[in-house]
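# Notes for the structure review
Listed here are the chains, written in short residue letters.
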Amino acid sequence: MVRGVHKKIIEVADTQNEFFERAILIVKEGFRDEDPEQLRRKAGDYVSQMGNVALAKQKKTHFFWNLGKVLAGAAIGILLVIAAVFWI
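Residues numbered from 1 in each chain as written. Predicted model: local features only at pLDDT ≥ 70, side-chain atom pairs only at ≥ 80, totals over all residues. Heavy atoms only, no water.

Now for the overall build of the protein. Regarding its fold elements, the protein presents one helix and two strands. Of the regular secondary structure in the protein, the N- to C-terminal order runs β-β-α. Sequence separation of 24 or more characterises 33% of the internal contacts of the protein that already satisfy a separation of 6 or more. Total accessible area on the protein is roughly 8200 Å²; 63% of this is exposed by carbon and sulfur atoms. (Helix = DSSP H or I, 4+ residues; strand = E, 2+ residues; numbered from the N terminus. Contact = heavy atoms within 4.5 Å. Areas by Shrake-Rupley, 256 points an atom, 1.4 Å probe, with all protein chains shown as cover.)

Okay, the packing of aromatic side chains next. Throughout the structure, instances matching the rule amount to one aromatic pair. When the ring of phenylalanine 63 is compared with that of phenylalanine 64, the centres are 5.3 Å apart and the planes differ by 65°; the resulting orientation is edge-to-face. On the accessibility criterion, phenylalanine 64 (48% relative accessible area) is partly exposed. (Phe/Tyr/Trp six-rings, centres within 6.5 Å; stacked < 30°, edge-to-face > 60°. Buried < 20%, exposed > 50% of the residue type's maximum accessible area, 1.4 Å probe, protein only.)

Residues Ile10, Val12, Ala23, Val27, Leu39, Ala43 and Val47 constitute the largest nonpolar core, which totals seven residues. Contributing elements (two or more residues each) for this core: β1 (9–12) and α1 (36–87). If one sorts the elements of this core by residue count, α1 sits on top with three residues. Among residues more than four places away in sequence, those in contact with leucine 39 are Lys8, Ile10, Val27, Phe31 and Glu34. (Core = buried A, V, L, I, M, F, W, Y, C linked by side-chain atoms within 4.5 Å.)

A pair can form between side chains of opposite charge whenever their charged atoms are brought close. Considering all chains together, one arrives at three salt bridges under this definition. A salt bridge links glutamate 37 to arginine 40, with the nearest nitrogen and oxygen atoms 3.1 Å apart. Note that glutamate 37 and arginine 40 are positioned in helix α1 at a spacing of three residues, about one turn of the helix. You can call glutamate 37 partly exposed: its relative accessible area is 43%. What you see here is one network of salt bridges that share partners, running through Glu11, Glu21 and Arg22. (Salt bridge = Lys/Arg side-chain N within 4 Å of Asp/Glu carboxyl O.)

Residues Ile10 and Val12 point to one face of β1 and are all buried, whereas Ile9 and Glu11, pointing to the other face, are not buried. Pairing of β1 with strand β2 (residues 23–26), which is carried by four bridges, proceeds in the antiparallel orientation. Paired with valine 12 across the bridge in β2 is alanine 23. (Pairing = 2+ DSSP bridges.)

Such coordinate-based values are descriptive only and should not be taken to indicate function.
Right, dumping it as structure tokens:
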């Protein structure tokens, strides 16, 4: 099967990501006649944005995990204080 005969492909060699060496993007049909330099710039912006989104998700997950630990510790502390008040 022949694929990509009429496709315009942009390869981003510097992904600025520790896990991925390259990214291959296929340009949408309506934008294939755009300026090649502008397409390269947009591709670089898109790939770098993808890394930022992944990092933001990771930070958000860590934030909620740490918040859960703090709230659990506070709940245990409150239960201990209530138990001490009723035992005295």
